[in-house]
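Structural characterization, general
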Amino acid sequence: SNNPIVNTPVNISIDILEEDLKELEKFGKILNKNKYLTSPTVGREKEFKNLMITLAQNKKSPLIVGESGVGKTSLVDELAYRIIKGDVPKFLQGKIILEINPSDIVAGCQYVGMFEDNMAKLMNLCEKYDIILFIDEIHTIYGVGSTKNKDTDMASIIKTHMDRRLLKVIGTTTDKEYDEYFSSDALKRRFEKIPVKEVDEKSLFQIIDKVLNDYFINEDISLENEELRKEIIKIIITATSKKHRVYHDVVNNPDLAI
């Protein structure tokens, strides 16, 4: 049988005051609280190394750029997973990663100044606990929270805190949105672009194989016949290859195969 030994979820206690923890969780999701069973990535050591190198720099933050479905967010999950395990360099040990959704922060801000107050609270907590902010589809920060009379949108607030308080941000975006929003914007020089392409066939095989293992761990669904398992994986790889994408899928591999 190709079934793995069932892993115990990796978890960590968050070293933060309870009232601050509750406040933080109003703004987003703490990835350190995820119960990861297995490593979230396969074959992304180069990209992950670039992510850590960028985080080690004082005035640069990582911007993960690639098409939909190539596994941009899984790199951030990998970072959270390794922090929980303690398998990171000293400067990243114990770091908290907070994922925020810009539209959630502005939601419910009915009165003038509420958005700025929320952002001030969030930025102060990030500084107090040296938190890494994660924003999926980071181009959505432009225009969020701005009014006709002000230019204090989320992008300008984050930019200020990256400059003055060395706030660390991890963002993800597509090539198209990178060119549209970052190519001529002042935020560009604050980010180091980390390109993520579709995985090769060998890595895709390993990813699908891992996903099948995860199904066994989570759902007790298994494919014990080794040859059948390999054939099914090959069929999935063939069916999701670029030449077979007759509907011009907007999702790429590995997500399309999964």
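Residues numbered from 1 in each chain as written. Predicted model: local features only at pLDDT ≥ 70, side-chain atom pairs only at ≥ 80, totals over all residues. Heavy atoms only, no water.

Two pairing modes exist for strands in a sheet, parallel and antiparallel, and in both the strands are linked by backbone hydrogen bonds. Taken in spatial order, the 6 strands of this open sheet run β1-β3-β4-β5-β2-β6, and their pairing is mixed. The open sheet has two free edges, formed respectively by β1 (28-30) and β6 (191-195), since each of these has just one partner strand. For this sheet the average axis-to-axis angle between neighbouring strands, irrespective of direction, equals 25°. Bridge count between strand β2 (residues 61-65) and strand β5 (residues 168-173): 3 bridges; the pairing is parallel. Within the sheet, the bridge partner assigned to Val 65 lies in β5 and is Thr 173. Where helix α2 (residues 45-55) meets the sheet, it contacts β2, β4 (132-135), β5 and β6, and its direction lies at approximately 175° from that of β6. (Pairing = 2+ DSSP bridges. Helix = DSSP H or I, 4+ residues; strand = E, 2+ residues; numbered from the N terminus. Axes fitted to C-alpha atoms, helices over the stretch in contact; angles between N-to-C directions. Contact = heavy atoms within 4.5 Å.)

Here we come to the environment of Thr 41. For Thr 41, the location among the structural elements is in the loop between β1 and α2. A C-alpha to C-alpha distance of 10.0 Å links Thr 41 and Ser 203, two positions 162 residues apart in sequence. Not counting chain neighbours up to four residues away, the residues in contact with Thr 41 comprise Ser 74, Leu 75 and Glu 78. Here Glu 78 takes part through its side chain, which lies 2.9 Å from a polar atom of the side chain of Thr 41. (Polar contact = N/O pair within 3.5 Å; in protein donor to acceptor, adjacent residues only side chain to side chain.)

Another point: the state of the cysteines. For the structure on display, the rule yields 0 disulfides. Take Cys 109: it sits in no disulfide, and the sulfur closest to it among the cysteines is that of Cys 126, at 16 Å. (Disulfide = S-S within 2.5 Å.)

Structurally, the position occupied by Thr 173 is in strand β5. Given a relative accessible area of 1%, Thr 173 falls into the buried group. (Buried < 20%, exposed > 50% of the residue type's maximum accessible area, 1.4 Å probe, protein only.)

Between its terminal C-alpha atoms helix α9 (residues 226-239) stretches 20 Å, which fits the 20 Å expected from 14 residues at 1.5 Å a residue. Along α9, the positions that sit buried rather than exposed are Arg 229, Ile 233 and Ile 237. Down the axis of α9, the smallest arc covering the buried residues is 70°, so these residues share one side. Along α9, exposed side chains directed more than 90 degrees from the buried face belong to Glu 227 and Ile 235. Packing partners of the buried residues in α9 comprise α8 (201-219). For α9, the N-terminal cap is Asn 225; the gap from its side-chain oxygen to the backbone nitrogen of Glu 227 is 3.1 Å. (Expected span 1.5 Å × (residues − 1). Arc of directions from axis to C-beta.)

A few words now on the environment of Pro 195. Note that Pro 195 resides in strand β6. A relative accessible area of 43% places Pro 195 in the partly exposed class. Considering only alpha carbons, one finds Pro 195 and Thr 173, 22 residues apart in sequence, at a separation of 10.0 Å. Not counting the four nearest positions on each side in its chain, Pro 195 is found in contact with Glu 47 and Val 65.

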